[in-house]
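Chain residues, written in single-letter form:
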Amino acid sequence: FMIEKIYTGYPILDFLENDFVENLKKIKNFKEDTDKNLDFLAKKYYNNVRYWWIIALYNDIVDPFNVDKSIIKIPEINEVESILLDLQVQKGLK
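Conventions adopted
Residues numbered from 1 in each chain as written. Predicted model: local features only at pLDDT ≥ 70, side-chain atom pairs only at ≥ 80, totals over all residues. Heavy atoms only, no water. Helix = DSSP H or I, 4+ residues; strand = E, 2+ residues; numbered from the N terminus. Buried < 20%, exposed > 50% of the residue type's maximum accessible area, 1.4 Å probe, protein only. Contact = heavy atoms within 4.5 Å. Areas by Shrake-Rupley, 256 points an atom, 1.4 Å probe, with all protein chains shown as cover. Polar contact = N/O pair within 3.5 Å; in protein donor to acceptor, adjacent residues only side chain to side chain. Arc of directions from axis to C-beta.

Draft legend 1. Highlighting the overall build of the protein chain. Helix and strand counts for the protein chain stand at 5 helices and 2 strands. Counting over 94 residues, the protein chain shows a buried share of 34%. Partitioning the contacts of the protein chain with sequence separation of at least 6, the portion at a separation of at least 24 is 71%. Of the roughly 5,900 Å² of accessible surface on the protein chain, a fraction of 50% belongs to carbon and sulfur atoms.

Laid out in C-alpha cells, this is it:
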C-alpha cells in the first residue's frame, strides 16, 4: 500500500489534521463489519494491523479498546491513499 511509503520517516500526527479527517469522512465507498477489534479489521481489509487508526477515525472511535458500535465501516483503501497523497503534495512532501 502507498500508506507505507507516505508514513516512512514522517510522524503520523503531521497528517492528522482537519483537512485529512474532513476528507476521510467524505469517503462514500466502504465495507461493513461487525468485529470490534480494529487491529483485526485493519489486517483483514488493509493487510496491515498498523492502519487501525484509519478505521477508528472514520467511525469516530475515541477508545479503540472500548468500541461501542455494532457496525464498523471500513473506508476503501484506494480513497484513503488518494487523500494522503493529496495532503503530501500540498505539504511539499512529494
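Structure shown, so let's carry the discussion forward.
Draft legend 2. Just the side chain of Asp33, in detail. In this structure, Asp33 sits in strand E1 (residues 30–33). At 2.8 Å, the side chain of Asp33 and the side chain of Tyr45 are in polar contact. Here Asp33 is in contact with Leu41, Lys44, Tyr45, Ser70, Ile71 and Ile72, once residues within four sequence places are set aside.

Draft legend 3. Focus on helix H3 (residues 38–46). By the burial criterion, the buried members of H3 are Leu38, Leu41, Ala42 and Tyr46. An end-on view of H3 places all buried positions within 100 degrees of arc, on one side of the element. Contact partners of the buried residues in H3: E1, helix H4 (52–58), strand E2 (72–75) and helix H5 (77–90). Near the N-terminus of H3, the side chain that reaches the backbone nitrogen of Asp39, with its oxygen 3.0 Å away, is that of Asn37.

Draft legend 4. Broad picture of the side chain of Asn59. Mapped onto the elements of the fold, Asn59 is located in the loop between H4 and E2. Residues within four places of Asn59 in sequence aside, it is in contact with Lys25, Lys69, Ile71, Ile72 and Lys73.

Draft legend 5. Quick look at unusual backbone geometry. Its identity as a non-glycine residue notwithstanding, Asn47 has a phi of 60 degrees, on the positive side. In this structure, Asn47 sits in the loop between H3 and H4. The backbone of Asp60 sits at a positive phi, close to 55 degrees, despite the residue not being glycine. Among the secondary structure elements, Asp60 is positioned in the loop between H4 and E2.

Draft legend 6. Representation of the environment of Asn48. Within the secondary structure, Asn48 sits in the loop between H3 and H4. Classification of Asn48 by relative accessible area gives buried; the value is 15%. Within the local environment of Asn48, its side chain forms a polar contact with the backbone nitrogen of Arg50, the two atoms lying 2.9 Å apart.

From the geometry alone we can't say anything about function, so treat these as descriptive.
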